[in-house]
Amino acid sequence: MRNYIWLMVCLLSFCFHPEFVLAHASVIDSTPKENEVLETAPETINIQFSEAIQTAFYSLEVYSESGKKVQISESRISGQNENVLEAHLKKTLADGVYLVQWKVVSSDGHPVKGTIPFQVGVSTAKSNPIVMNQDNTMPNFVQTILQSIQYVCFSILIGALFFRLVLVQEGLSFFDYKRIRWLLWLSYSGLALSIFLSLPLKVTIDAEVGWLQAFNKDYIQAVLNETSFGPIWIGEILLLLVLFLMQYTMLENKTNRLAVISYLIVSALMLCKALIGHTQAVSNQVMAVLMDFFHLQAMAVWLGGLLMLLTILSYKQILLEHKNEWKSFYWRTIRKFSPWAMISVIVLIGTGIYSSIQHIPTFHALLDTVYGRLLLGKILLMLMMIGLGVYHFLKGKKQEKDLNASVRFEFSIGIIVLIVAALLTNVATASSSPGPIEQTQITEGKKKIALSITPNQIGDNIIQVKLLNDAGRPLANLQQLTVKLVSQEIEDREVKLQLKETATGVYETNSIFTMSGKWTVQVHGLTEKLDSIDATFTILIGS
């Protein structure tokens, strides 16, 4: 039990480890820039994003301050840079305030949209600060339902095949029992339905249309040919066809080889699932996909195994066939399953740690975002399942009474975990909202420099620096204190600011961050004795 507690403490501690990864595509540069005042109208509008954008369902439109649409050429992704969306203005713009409205689908398949205001010449209208919106702050209901069905079906199929191959090889014609066969075909049907409907669902999300238009031929072709989702969906359909043949033949012939092939096909479908979603928005996609795949496998073995325990150990026909050795058969099966459940837990914790590092940059993001709170709920449910697993392991050694009721309870919690996992897949990760920054450094002269940035997001921010001398007292009356903000996402993007003393040893200034991502903050101070105080911080600005 101590080992479980220690592992969960590790999981929580890794959740708070900062990692510089953003969710979805975000604007890192544009022409014109946000709130920029131009003497003459631009000839081209282009927007550079933090990652490659998909070649379907993007748009770029320009509106005047009166709301009239400005004529531009058809927007397109730049041939020189797949991160850039561009369009040419067909007419010279008159003086005034304009708004660029854009929409793209980021590499992880999530649609993102926003606006960029700018001004040409003199205008009586006032340009508003940039407003950026990211879709999927809250999960899509239909997508969550289909994802939950898919996870449950994966678990049943993997659980049944795993039991047949590993746990009940001898003395039991596993696939002869109607309940097992019914579960296998029901799971296959649910899996096929969820995968088939994921295509029109993708159309409704990316094209922003209703279900009546979701089967439009042009939309379907755009998804299949111009998004990363399309080839994966086609691969899933082909795998489903092969799985149907393998499962039908397996249930008729009852051979281990066909069960192995079926297991591999279901695993391939799980790998396809891992290739879609948040794994496409991290720096190391291969590792992210593998971790997501192993996470799904471990959960399927654990939860599917629990369902097989409930199904097999309560089946009356088995009781009749094993009347003389029912008790030993019952506990032998539970003891065989317990180590595999333990391995599944370890894999779940390890892969969960990796995912947390990728998508939860700060403690603030864990507590104050939908993604973070859902993850906390999932961890709590997993702890309950682990507790029940330990209980079953101990009872399995003592062989006191059957465990159907507690196994049923553990399985029910597992279903809720799968629903939460589906919700996590369909909301923006917490990386886009790291929260206020507070970092501290000690200089060579033993001076303490504390940097804070609030609220730490695109737009207006308060930058505060607190200085303490080597005796721990506030360091006041500096000749000057400056900070230089340097973007690490794009070259030649830096801002130098002078800070004012607002209290003894406390210096502040306001700054507008026009792009998200990783920044370097260089603090430079000069004392009355002309001694330098320098520190460099690396921060993550949220989107």
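*Asks:* Sorry, what's going on with the overall build of the protein here?
*Replies:* Secondary structure summary: the protein contains 12 helices and 19 strands in total. Relative to its full complement of 543 residues, the protein shows a buried share of 53%. Sequence separation of at least 24 residues holds for 68% of the intrachain contacts in the protein that already meet a minimum separation of 6. Accessible surface for the protein amounts to roughly 25,400 Å². Of this, 57% is attributable to carbon and sulfur atoms.

*Asks:* Would you mind going over the sheet that holds strand S17 (residues 506-513) with me for this structure?
*Replies:* The five strands lie next to each other as S11-S12-S13-S17-S16, forming an open sheet whose pairing is antiparallel. The open sheet has two free edges, formed respectively by strand S11 (437-442) and strand S16 (500-503), since each of these has just one partner strand. Neighbouring strand axes in the sheet, compared pairwise and without regard to direction, differ in orientation by 30 degrees on average. Across three bridges, S16 lies against S17 in antiparallel orientation. When the bridges of S17 are listed, Glu501 appears paired with Tyr507.

*Asks:* Looking at this structure, how should I read helix H5 (residues 229-253)?
*Replies:* One turn of an α-helix holds 3.6 residues; hence residues three or four places apart share an orientation. For H5, built from 25 residues, the straight-helix expectation of 36 Å at 1.5 Å per residue is met to within 8% by its first-to-last C-alpha distance of 36 Å. Among the residues making up H5, those that are buried are Phe229, Gly230, Ile232, Trp233, Glu236, Leu240, Leu243, Met246, Gln247, Met250 and Leu251. The elements touched by buried residues of H5 are helix H2 (141-167), helix H3 (178-206), helix H4 (217-226) and helix H6 (256-274).

*Asks:* Hey, could you run me through the sheet that holds strand S6 (residues 76-77) in this one?
*Replies:* Sheet strands associate in pairs through backbone hydrogen bonding, adopting either a parallel or an antiparallel arrangement. Read from one edge of the open sheet, four strands run S1-S3-S7-S6, paired in antiparallel fashion. Since the sheet does not close on itself, it has two edges, and those belong to strand S1 (27-31) and S6, each with one partner. Pairing analysis gives two bridges linking S6 to strand S7 (residues 84-88), with the strands arranged antiparallel. In the strand pairing of S7, Ile77 is matched with Leu85.

*Asks:* Even after reading the chapter, I still don't get unusual backbone geometry, so can you show me in this structure?
*Replies:* Where the residue is not glycine, phi is negative for most of them; where a peptide bond is considered, it is trans in most cases. Residue Pro32 is reached from Thr31 by a cis peptide bond, and omega for that bond is 0 degrees. Following the sequence through the fold, Pro32 ends up in the loop between S1 and strand S2 (36-38). In this model, Thr454 is joined to Pro455 through a cis peptide bond whose omega is 0 degrees. Even without being a glycine, Phe57 presents a positive backbone phi close to 60 degrees. Mapping Phe57 onto the fold places it in the loop between strand S3 (44-49) and strand S4 (59-64). What makes Phe57 buried here is its relative accessible area of 16%.

*Asks:* I would appreciate a short explanation of the packing of aromatic side chains in the present structure.
*Replies:* Applying the stated rule across the entire model yields nine aromatic pairs. A ring pair is formed by Trp185 and Phe244, whose centres lie 5.5 Å apart and whose planes are at 55 degrees; its orientation type is tilted. Placement of the pair is Trp185 in helix H3 and Phe244 in helix H5, with a sequence separation of 59 residues. Owing to a relative accessible area of 25%, Trp185 belongs among the partly exposed residues under this scheme. The exposure class assigned to Phe244 is partly exposed, which follows from its relative accessible area of 39%. Pairwise contacts between aromatic rings join Trp185, Tyr188 and Phe244 into one cluster.

*Asks:* What is the right way to read the environment of Ala52 from this model?
*Replies:* Within the secondary structure, Ala52 sits in the loop between S3 and S4. C-alpha of Ala52 to C-alpha of Asn83: the two residues are 31 residues apart in sequence and 4.3 Å apart in space. Once residues lying within four places of it in the same chain are set aside, the contact partners of Ala52 are Glu82, Asn83, Ser106 and Ser107.

*Asks:* Would you explain the pairing of S3 in this entry?
*Replies:* As a general feature of sheets, a regular strand has side chains that alternate between the two faces. By the alternation rule, side chains of S3 split into Ile45, Ile47 and Phe49, which are all buried, and Thr44, Asn46 and Gln48, of which none is buried. In this sheet, S3 lies alongside S1 in antiparallel orientation, the contact comprising four bridges. Bridging across to S3, Thr31 finds its partner in Asn46.

*Asks:* In this structure, what is going on with the side chain of Ser187? I would like to understand it.
*Replies:* One can find Ser187 in helix H3. Ignoring sequence-local partners within four residues, the contact set of Ser187 consists of Cys153, Ile156 and Leu157.

*Asks:* Sorry, what's going on with the nonpolar core here?
*Replies:* Generally speaking, nonpolar side chains in soluble globular proteins are found buried as a group. Counting residues in hydrophobic clusters, the biggest one holds 89 residues, and the most contacted among them are Trp302 and Leu306. It is helix H7 (residues 285-313) that contributes the most residues to this core, 14 residues altogether. Filtering out sequence-adjacent residues up to four positions away, Leu306 remains in contact with Phe337, Met385, Val407, Glu410 and Phe411. Within the second largest apolar cluster, 24 residues are counted, among which are Ile463, Leu481, Tyr507 and Ile541.

*Asks:* Which parts of the structure should I look at to understand the environment of Ala214?
*Replies:* Turning to its location among the elements, Ala214 is positioned in the loop between H3 and H4. By relative accessible area, which is 0% here, Ala214 ends up buried. The spatial distance from the C-alpha of Ala214 to the C-alpha of Leu199 is 8.5 Å, given a sequence separation of 15 residues.

*Asks:* Explanation requested: the side chain of Asn461 in the structure shown.
*Replies:* Along the chain, Asn461 falls in strand S13 (residues 459-468). Reaching out from Asn461, the side chain makes a polar contact with the backbone nitrogen of Asn456 at a distance of 2.7 Å. Not counting the four nearest positions on each side in its chain, Asn461 is found in contact with Ile453, Thr454, Pro455, Asn456, Thr509, Asn510, Ser511 and Phe513.

*Asks:* Help me out: how do you make sense of H6 in this one?
*Replies:* Between its first and last C-alpha atoms H6 spans 27 Å; for 19 residues at 1.5 Å apiece the expected length is 27 Å, and the two agree. Of the positions making up H6, those classed as buried are Leu258, Ala259, Ser262, Tyr263, Ile265, Val266, Ser267, Leu269, Met270, Cys272, Lys273 and Ala274.

*Asks:* In this structure, what is going on with a nonpolar patch on the surface? I would like to understand it.
*Replies:* Side chains of Phe141, Val142, Ile145, Ile149, Phe196, Trp211 and Phe215 sit close together on the surface and give an oily, nonpolar patch of about 670 Å² of accessible area. It is H2 that contributes the most residues to the nonpolar patch, four residues altogether. Looking at the element boundaries, Trp211 is found in the loop between H3 and H4.

*Asks:* Is there a simple way to explain the packing of H2 against H3 in this structure?
*Replies:* Any two packed helices are characterised by the angle at which their axes cross and by the distance between the axes. In contact at an axis separation of 8 Å, H2 and H3 are set at 150 degrees when each is read in the N-to-C sense. By the angle class used here, H2 and H3 are roughly antiparallel. With respect to the hand of their crossing, H2 and H3 are arranged in left-handed fashion. Of the residues in H3, those touching H2 at Val142, Gln143, Leu146, Ile149, Gln150, Cys153, Phe154, Ile156, Leu157 and Ala160 are Leu183, Leu184, Ser187, Tyr188, Gly190, Leu191, Ser194, Ile195, Leu197, Ser198, Leu201 and Ile205.

What counts and how
- Residues numbered from 1 in each chain as written.
- Predicted model: local features only at pLDDT ≥ 70, side-chain atom pairs only at ≥ 80, totals over all residues.
- Heavy atoms only, no water.
- Helix = DSSP H or I, 4+ residues; strand = E, 2+ residues; numbered from the N terminus.
- Buried < 20%, exposed > 50% of the residue type's maximum accessible area, 1.4 Å probe, protein only.
- Contact = heavy atoms within 4.5 Å.
- Areas by Shrake-Rupley, 256 points an atom, 1.4 Å probe, with all protein chains shown as cover.
- Pairing = 2+ DSSP bridges.
- Axes fitted to C-alpha atoms, helices over the stretch in contact; angles between N-to-C directions.
- Expected span 1.5 Å × (residues − 1).
- Phe/Tyr/Trp six-rings, centres within 6.5 Å; stacked < 30°, edge-to-face > 60°.
- Core = buried A, V, L, I, M, F, W, Y, C linked by side-chain atoms within 4.5 Å.
- Polar contact = N/O pair within 3.5 Å; in protein donor to acceptor, adjacent residues only side chain to side chain.
- Patch = residues over 30% accessible without salt bridge, like charges linked within 9 Å, V, L, I, M, F, W, Y side chains within 5 Å.
- Salt bridge = Lys/Arg side-chain N within 4 Å of Asp/Glu carboxyl O.
- Parallel < 35°, antiparallel > 145°, perpendicular 65-115°, else oblique.
- Left-handed = near helix turned anticlockwise from the far one by under 90°.

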